[in-house]
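Remarks on the overall topology
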Amino acid sequence: MTSIRIQAENYQSAYDTTVGNRGSNGRRDTPFDVDITASTDVGGGSMVGWTESGEFLNYTVNVATPGTYDIVLRVASGDTDSLATMAFGGVLSNFAIGSTGGWNTWKDVRVSGVDLSAGVQNLRLDILGGRPLLNYIDVIPTGAAPAAPEPTPQPEITPPPAQATSRVEAEDYVAFVDSTSGNRGGKYRSDDVDITNMAGASNGYAVGWTQGGESLTYGFNIAAAGAYDIIVRLATDDANNGLSIGGKSISFGSTGGWNTLKDVRISGVNLSAGVQNLKLDVLAGRPILDYIEVVPAGTGGSGPSLPPGGGTPTPPSGVIKIMPLGDSNTAGRGDRGSYRSTLQNLLAQDGFNVDFVGSSTGGASAPDRDHEGHSGFTINNISAKINSYLSKKPDVILLMLGTNDVLRDNGSGKKGGKLIEPKGASGRLNTLINKITSKLPQTKVFVASIPPLTKTSADLNQVKAFNSKVAQLVKSKGSNVKFVDMYKALSPGDLLSDKIHLTQAGSAKAAKVWRNAIASTLGSFQSTQANSSIEADSVTNASSIVGTSANDSLVGDSGANIFNGLEGDDLLRGGGGKDTFILSLGKGTDTIADFSVGEDLLALSGGLSLDQLTIAQGTGQSSDDTLVFSGNEQLVSLTGVQSDAVTSSSFTRV
């Protein structure tokens, strides 16, 4: 077994409580605001400083050989209460740092006997107390001595030896900026870049779901200074795409489809000799990236072509019944219905046809208000009623539960330096999951870690211990039970002032985490519940679409569709073309997710007239939407539409 050293400044993502990099050097192209400065340790290099309780750093580590390792944290601290915890390999380890003798006195703090499997995995380091300075983390075979501190650090994934032609796989970046939380593809690495399997890709993996504003940074070792061409091997079906690398930009069209890999060449890039980073920016489109190759100008290229199959997951056909199950962070606070409203819109954008189910309703402007979120409920409260809930026969359950078990436990969250969960909480969750899988063995159950409660330090300690236990127990539940790391995606800033409930921004993050888990798992999923019937219509691809008296989810095709949701609060999506949406009094409040001003029309029926309407810009959580009222009755919400764009020409009569 070989040792691994991770420099503290080579994090993949992080949470920092202050704005900007307070240090004198380090990464400046990431959104994380980590404070990096010159190290005072032997060997120099850089270090992470100005740490505070509640901050954390995420790293990606490639363990070559499975076995038992010791984790050594190289730190300096003048605070007696310095404390950190590390989640790595499914194990939660505590580092009682204390004072090392001063801010310039460096020591090794070791945790022994951590069993690690081989492969790429995530390491998360949380600061629980004090303000320790961090130089590096060593992962060494148990009993081995830590190596001496090294000079200037290299990226964790190091550049290849210097050579005329140098290729780096798209998934082997050393830094990134990604606009969504979590790895939507669920492959290769555990940070926020979306990586999936792709047949024909040179290493079997590709970076997908890219979008404008995202970037990836790669390490290269250039043999000699000179003019080079940079070749990006990619696939796209978008007509307008753009990339920038090495100070040059290029625009390009479709490669012929999402499964057709071709070379895009950026010519005449002048590079100096030696180790250096090149940042690839996505300017437009959604290219799927295979690799980046630096070649002498005018040479190289024409990499392998993609055989049929592989590529981006395709949304399933048919209706999928989803049950949001949990406590008040599932039920929601306010009119949006927690993460549920955003999640429904995200899934509709992805082409999923879903029906949310449950015995409760909530969220006045949530498109489909059904759920099983119960404020104040513990795991046992849900478990006692689960058989009744499961009568809805969901295809998918989104389970996030345990917050109230933490809040009602009076423990300190620590014992002998070890973090302790609420007494028996993970065991109770295990029993609940067993009840679900026994009654509905084909249902997909996504089990989430709970948010970082920060009301007290004991609460946060218990949350971390509980989440670690949950991740472990899910591993034993078979392929239909998946762990979703909600804790990783959220920060203390995503909680309201009560330090318990999610803010609007936190709920939006949670929605994206659920969406990524669903999209990466259900690419070919079909409803598995025998004789299941939906509680409301979910209709797709029809020119004349009529709902029911319940809350419907209706999606049209690329042609001209006419929508009449009838009663209930319906989610309507035209799907392209010139669509007409019928409005009526006393029929509920509809939400139109893709209303196009100047193309789509709102049709007034039942004697409604334009002079009876009030058109207003939403406020608060609806500030980006246009709301249409008749008196005190809201008829419709137009998602993402500015009210001053909606005029009399947007209406017709039927």
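Our subject is the structure that appears above.
Residues numbered from 1 in each chain as written. Predicted model: local features only at pLDDT ≥ 70, side-chain atom pairs only at ≥ 80, totals over all residues. Heavy atoms only, no water.

Details of helix α5 (residues 425–439)
- The end-to-end C-alpha distance of α5 is 22 Å, a good match for the 21 Å that 15 residues give at a rise of 1.5 Å each.
- Turning to α5, its buried residues number three or more, namely Ala425, Ser426, Leu429, Leu432, Ile433 and Ile436. Mapping the buried residues of α5 onto a view down its axis gives an arc of 115 degrees, with all of them on the same face. (Helix = DSSP H or I, 4+ residues; strand = E, 2+ residues; numbered from the N terminus. Expected span 1.5 Å × (residues − 1). Buried < 20%, exposed > 50% of the residue type's maximum accessible area, 1.4 Å probe, protein only. Arc of directions from axis to C-beta.)

Examining the sheet that holds strand β8 (residues 91–96)
- Reading across the sheet, the five strands line up as β2-β5-β10-β7-β8 and stay open at both edges, with antiparallel pairing between neighbours. Edge positions in the sheet fall to β2 (13–15) and β8, since each has one partner strand and no second. Across this sheet, the average inter-strand angle for adjacent strands is 25 degrees, counted without regard to direction.
- Looking at chain direction, strand β5 (residues 56–63) and strand β10 (residues 119–129) are connected through eight bridges and run antiparallel. Paired with Asn58 across the two strands is Arg124, which belongs to β10.
- With respect to the sheet, helix α6 (residues 457–474) is in contact with β7 (83–88), β8 and β10, its orientation differing from that of β8 by roughly 145 degrees. (Pairing = 2+ DSSP bridges. Axes fitted to C-alpha atoms, helices over the stretch in contact; angles between N-to-C directions. Contact = heavy atoms within 4.5 Å.)

Looking at the pattern of salt bridges
- Counting across every chain of the model gives 14 salt bridges.
- For Asp238, the salt bridge is made with Arg286, and the minimal N-O distance between the two is 2.7 Å. You can see Asp238 sitting in the loop between β17 (226–236) and β18 (241–245) and its partner Arg286 sitting in the loop between β21 (274–284) and β22 (288–296), a full 48 residues away along the chain.
- The buried category is assigned to Asp238, whose relative accessible area is 14%.
- Across the salt bridge formed by Asp494 and Lys509, the nearest N and O atoms sit 3.0 Å from each other. Of this pair, Asp494 sits in the loop between α7 (486–489) and α8 (504–521) while Lys509 sits in helix α8, and the two are 15 residues apart along the sequence.
- A relative accessible area of 29% means that Lys509 is categorised as partly exposed. (Salt bridge = Lys/Arg side-chain N within 4 Å of Asp/Glu carboxyl O.)

Side note on helix α3 (residues 379–389)
- Taken together, the buried positions of α3 are occupied by Ile379, Ile382, Ser383, Ile386 and Tyr389. Take α3 and look down its axis: the buried residues cluster within an arc of 115 degrees, on one side only. Of the residues in α3, the exposed ones pointing more than 90 degrees away from the buried face are Ala384 and Ser388.
- Looking at the buried residues of α3, the elements they touch are β23 (319–326), β26 (370–373), α4 (403–407), α5 and α6.

Focus: the side chain of Thr589
- Here Thr589 is to be found in the loop between β37 (580–583) and β38 (590–592).
- In this structure the side chain of Thr589 is engaged in a polar contact, spanning 2.8 Å, whose partner is the backbone oxygen of Gln634.
- Residue contacts for Thr589: discarding those within four places in its chain leaves Gly568, Asp569, Asp570, Gln634, Leu635 and Val636. (Polar contact = N/O pair within 3.5 Å; in protein donor to acceptor, adjacent residues only side chain to side chain.)

Focus: the packing of α5 against α6
- In contact at an axis separation of 9 Å, α5 and α6 are set at 35 degrees when each is read in the N-to-C sense. When you trace α5 past α6, the crossing you get is right-handed. Between α5 and α6, the contacting residues are Ala425, Ser426, Leu429, Asn430 and Ile433 on the first element and Phe466, Lys469, Val470 and Leu473 on the second.
- For the contact of α5 with α6, the per-class residue count stands at six nonpolar, two polar and one charged. (Left-handed = near helix turned anticlockwise from the far one by under 90°. Nonpolar A, V, L, I, M, F, W, Y, C, P; charged D, E, K, R; others polar.)

Things to note about the packing of aromatic side chains
- Considering all chains together, one arrives at three aromatic pairs under this definition.
- Aromatic pair Tyr173 and Phe176: ring centres 5.8 Å apart, planes at 70 degrees, arrangement edge-to-face.
- Note on Phe176: relative accessible area 2%, which makes it buried.
- Residues Tyr339 and Trp514 carry aromatic rings whose centres are separated by 5.9 Å and whose planes lie at 45 degrees to one another, so their mutual orientation is tilted. Remark: Trp514 occurs in helix α8 and Tyr339 occurs in the loop between α1 (328–331) and α2 (340–349); sequence separation between them is 175 residues. (Phe/Tyr/Trp six-rings, centres within 6.5 Å; stacked < 30°, edge-to-face > 60°.)

Thoughts on the pairing of strand β39 (residues 601–604)
- The alternating pattern of β39 places Leu601 and Ala603 on one face and Leu602 and Leu604 on the opposite face, and all of these are buried.
- Bridge count for β37 against β39 is four bridges, and the pairing is parallel. Along β39, the bridge assignment pairs Ile582 with Ala603.
- Inspection of the sheet shows β39 paired to strand β43 (residues 651–653) by three bridges, in the parallel sense.

Quick look at the packing of α3 against α5
- Running from amino to carboxyl end, α3 crosses α5 at an angle of 15 degrees, the nearest separation of the two axes being 9 Å. The pairing of α3 with α5 is recorded here as roughly parallel in orientation. Once α3 is placed against α5, the crossing between them reads as left-handed. Where α3 approaches α5, its residues Ile379, Asn380, Ile382, Ser383, Ile386 and Asn387 are matched on the opposing element by Ala425, Arg428, Leu429, Leu432, Lys435, Ile436 and Lys439.
- Considering only residue class, the contact of α3 with α5 consists of seven nonpolar, three polar and three charged. (Parallel < 35°, antiparallel > 145°, perpendicular 65-115°, else oblique.)

Details of unusual backbone geometry
- The phi dihedral of Trp50 falls on the positive side, at around 50 degrees, and the residue is not glycine.
- By the element assignment, Trp50 lies in the loop between β4 (46–48) and β5.
- Note on Trp50: relative accessible area 34%, which makes it partly exposed.
- Backbone geometry places Lys499, a non-glycine residue, at a positive phi of 65 degrees.
- Mapped onto the elements, Lys499 comes out in the loop between α7 and α8.
- According to the relative accessible area criterion, Lys499 is partly exposed, its value standing at 37%.

Quick word on the environment of Pro296
- You can see Pro296 is positioned in strand β22.
- Take Pro296: its relative accessible area is 28%, and that puts it in the partly exposed class.
- Residues Pro296 and Val269, 27 residues apart in the sequence, show an inter-C-alpha distance of 9.6 Å.

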